[in-house]
Amino acid sequence: MKLLLFGGSGRTGQVMQRAATAAGWQVCAPSHGECDLADAQALTATVLNSGAAAVVNCAAVSGLEACLDDPLTAHLVNAVAPATMALACRHTGARFVHLSTDYVLEGVKAGLKNESTKCKPANVYGLSKREGEQQVAEALAAALVLRVSWVCGNPAKPSFVEATLGKALSGAPLAAIADKYSLPTDAADIARVVLELLPKPVSGVFHLCSGGEPLSWYDCALIALQHAVAIGALPVLPPMERQLLAQATFFREVRPRHTAMSNERLCSLGISMPSATLTLQRVAGRYLASRLNK
Ligand SMILES: NC(=O)c1ccc[n+]([C@@H]2O[C@H](COP(=O)([O-])OP(=O)(O)OC[C@H]3O[C@@H](n4cnc5c(N)ncnc54)[C@H](OP(=O)(O)O)[C@@H]3O)[C@@H](O)[C@H]2O)c1
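Presented here is an overview of the structure given in this document. (Residues numbered from 1 in each chain as written. Predicted model: local features only at pLDDT ≥ 70, side-chain atom pairs only at ≥ 80, totals over all residues. Heavy atoms only, no water.)

Across the sheet, which stays open at both edges, the six strands sit in the order β2-β1-β3-β4-β5-β10 with parallel pairing between neighbours. In this open sheet, the two edge strands, each paired with only one partner strand, are β2 (26–28) and β10 (204–207). Taken pair by pair, the neighbouring strands of this sheet meet at an average axis angle of 20 degrees, ignoring direction. Bridge count for strand β1 (residues 2–6) against β2 is three bridges, and the pairing is parallel. What sits directly across from Lys2, in β2, is Gln26. In the packing of helix α2 (residues 40–48) onto the sheet, the strands contacted are β1 and β3 (54–57), and the crossing angle to β1 comes to about 160 degrees. (Pairing = 2+ DSSP bridges. Helix = DSSP H or I, 4+ residues; strand = E, 2+ residues; numbered from the N terminus. Axes fitted to C-alpha atoms, helices over the stretch in contact; angles between N-to-C directions. Contact = heavy atoms within 4.5 Å.)

The next thing to look at is the nonpolar core. In this structure, Phe6, Leu37, Leu43, Val47, Val55 and Phe96 are the most contacted members of the largest nonpolar core, which totals 62 residues. With residues near it in sequence (within four places) discarded, Phe6 still touches Pro30, Cys35, Leu37, Leu43, Thr46, Val47, Val55, Val56, Asn57, Cys58, Ala59 and Met85. Listed in part, the 29 residues of the second largest apolar core include Leu3, Leu5, Ala187 and Ile271. (Core = buried A, V, L, I, M, F, W, Y, C linked by side-chain atoms within 4.5 Å. Buried < 20%, exposed > 50% of the residue type's maximum accessible area, 1.4 Å probe, protein only.)

This part takes up the packing of helix α6 (residues 160–170) against helix α8 (residues 217–230). Between α6 and α8, the least distance of the axes is 9 Å, while the angle of their chain directions is 50 degrees. When the interaxial angle is binned, α6 and α8 end up oblique. Two packed elements cross with a definite hand, and for α6 against α8 that hand is right-handed. Two secondary-structure elements touch here, α6 through Phe160, Val161, Thr164, Leu165 and Ala168 and α8 through Trp217, Cys220, Ala221, Ala224, Leu225 and Ala228. (Parallel < 35°, antiparallel > 145°, perpendicular 65-115°, else oblique. Left-handed = near helix turned anticlockwise from the far one by under 90°.)

Attention now moves to the site of the ligand. Around the ligand, the surrounding shell holds 23 residues, and the nearest of these are Thr12, His32, Ser62, Tyr125 and Lys129. Between the ligand and the protein, one listed contact pairs an oxygen atom with a side-chain N or O atom of Tyr125 at 2.6 Å. Protein burial of the ligand: of its 910 Å² of free accessible surface, 80% is covered by the chains. Secondary structure elements with two or more residues in the shell around the ligand: α1 (11–22), β4 (95–101) and α5 (124–139). Ranked by residues supplied to the shell around the ligand, first place goes to β4 with three residues. Across the shell around the ligand, the residue classes tally to eleven nonpolar, nine polar and three charged. (Near = heavy atom within 4 Å. Polar contact = N/O pair within 3.5 Å; in protein donor to acceptor, adjacent residues only side chain to side chain. Areas by Shrake-Rupley, 256 points an atom, 1.4 Å probe, with all protein chains shown as cover. Nonpolar A, V, L, I, M, F, W, Y, C, P; charged D, E, K, R; others polar.)

Quick look at the structure:
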């Protein structure tokens, strides 16, 4: 069966493409050049002519500063394009899975957020992603919207976890923000869960992330570094400076502070998700193995 994948060159999309192919899907993943998602007409034609039984959208303008600088493209790619895909899937009968983000949440109060927690995005990216969620739901009630957070685990497209490990290996100074909280999601888990959900008769919004209590970027980096020491990739735990979000002047766009999600609804379907600690250990192990095998 055919699976049409958008965003196949991205951090999540690369892993999704490999996992779907390994699971026996015939994957068609048009590149940005082959199908610009800002072109709704071309996008509709791509979906209608694909013959796909499933359409998975891993594409987005995912950089917060990129969205701030070009809100029109953010709106077209993050909101209009998923709605266009959903409408086209309504015509073809294809299953549609769209990825969204914890940044649609308000992020003011501490603690885990579930699917009925109030959404109030703090930035252009979050606003465009929230609009995408709403338009997808309107266009296709059977669509699945999976909110992921702090995607990591693809060594070819390093996240802050892999970037910190890379710096530690080269002896560079380390620093991480210690007062902003979420939970990591391994791209491999996203791909596995998408494939598990495709045949299930479920729809709507699900939070797809590791389990456990909210962690800061500092906490996540520390768990990854501790694992590097435990497996002998680093001789000792290197020092790491604790930064405050307010000091992060390299960010031009606002970041919400408390967006950690509860994956309870997803797990109630019988889908297992690792703890955040296990996720970070697996992600660190995979990255370190890729570095050592170079
Ligand atoms: N990364 C995270 O930590 C994170 C956190 C929460 C939620 N998410 C969500 O998870 C999903 C996957 O994120 P990711 O980090 O894997 O994304 P990513 O690495 O930034 O990849 C984005 C993908 O979208 C494609 N794309 C962007 N604009 C396009 C356009 N106009 N036409 C066609 N393709 C276009 C890119 O292709 P080109 O590179 O060729 O342009 C790339 O393949 C997104 O929905 C994102 O919002 C990510």
